[in-house]
Amino acid sequence: MTDSYDIELLIADFFRAFDAHDWVGMRLTLADELKIDYSTPRGGTPKPLSVNPDSFVRQRRNSMDSLDMTHGFQMKSLSVDESTARATCDYALERTSHG
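Rules of the game
Along each chain, residues carry numbers from 1 onward, in the same order as the chain's sequence is written. Local features in this predicted model are restricted to residues of pLDDT 70 or higher, and side-chain atom pairs are both shown and tallied only at a pLDDT of 80 or more, whereas totals for entire chains, interfaces and linings draw on every residue. Note that the side-chain values use all heavy atoms of the structure and ignore hydrogens as well as water. Residues belong to a common nonpolar core when they are buried Ala, Val, Leu, Ile, Met, Phe, Trp, Tyr or Cys residues joined through side-chain atoms within 4.5 Å. Three exposure classes are used, based on accessible area relative to the maximum for each residue type with a 1.4 Å probe and protein chains only: buried under 20%, partly exposed in between, and exposed over 50%. Helix numbers and strand numbers start at the N terminus; a helix is a DSSP run of H or I with at least 4 residues, a strand a run of E with at least 2. Note on definitions: a residue-residue contact is assigned when non-hydrogen atoms from the two residues lie within 4.5 Å. Pairing of aromatic rings covers Phe, Tyr and the six-membered ring of Trp, with a centre-to-centre limit of 6.5 Å; geometry is then stacked below 30 degrees between planes, edge-to-face above 60, and tilted otherwise. Any carboxyl oxygen of Asp or Glu within 4 Å of a side-chain nitrogen of Lys or Arg constitutes a salt bridge here.

Brief notes about the nonpolar core
Line of reasoning, step 1. Within the largest apolar cluster, 17 residues are counted, with the highest numbers of intra-cluster contacts made by Phe 14, Phe 18, Trp 23, Met 26 and Phe 56.
Line of reasoning, step 2. Among the secondary structure elements, those contributing two or more residues to this core are helix H1 (4–20), helix H2 (23–28), strand S1 (34–36), helix H3 (53–64) and strand S3 (67–80).
Line of reasoning, step 3. For this core, the element with the highest residue contribution is H1, accounting for six residues.
Line of reasoning, step 4. Filtering out sequence-adjacent residues up to four positions away, Phe 14 remains in contact with Met 26, Thr 29, Leu 30 and Phe 56.

What follows is the structure, encoded as structure tokens:
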């Protein structure tokens, strides 16, 4: 991996691609192995899931393509070693329908 600043830029690129509906650009920000966890923001205990990154992008495109979005995020923690980066962040999402 690279230094933490590069990882923060990559995460910002991910959210920019999401907001711009740049699904190819979003996929380029993801590793071939992806673990996500949406359980803790909803009050649950952490349950990371392994997800195929192409499926992840396809699901986002199918469910969010008709929405205008603005993501804002704050990095809570970031760890980087030789082969892995792990980030935890809080984010706010504003969504509105097109038109």
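That shown, we press on.
Concerning the packing of aromatic side chains
Line of reasoning, step 1. Tallied over the full model, the rule gives four aromatic pairs.
Line of reasoning, step 2. A ring pair is formed by Phe 14 and Phe 15, whose centres lie 5.2 Å apart and whose planes are at 70 degrees; its orientation type is edge-to-face. Both residues of the pair, Phe 14 and Phe 15, belong to the buried class.
Line of reasoning, step 3. Between Phe 18 and Trp 23 the ring centres are 6.0 Å apart and the planes differ by 70 degrees, which places this aromatic pair in the edge-to-face class.

Thoughts on the pattern of salt bridges
Side-chain pairs of opposite charge can arise whenever the charged atoms involved come near each other.
Line of reasoning, step 1. By the definition in use, this model includes three salt bridges.
Line of reasoning, step 2. Between Arg 27 and Asp 32 there is a salt bridge, with the nearest N and O atoms lying 3.0 Å from each other.
Line of reasoning, step 3. A salt bridge links Arg 27 to Asp 54; the shortest N-O distance between them is 2.8 Å. Residue Arg 27 is found in helix H2, and its partner Asp 54 is found in helix H3; the two are separated by 27 residues along the sequence.
Line of reasoning, step 4. For Arg 27, a relative accessible area of 19% puts it in the buried group.
Line of reasoning, step 5. The class for Asp 54 is partly exposed, based on a relative accessible area of 40%.
Line of reasoning, step 6. It is possible to trace a salt-bridge network through shared partners that takes in Arg 27, Asp 32 and Asp 54.

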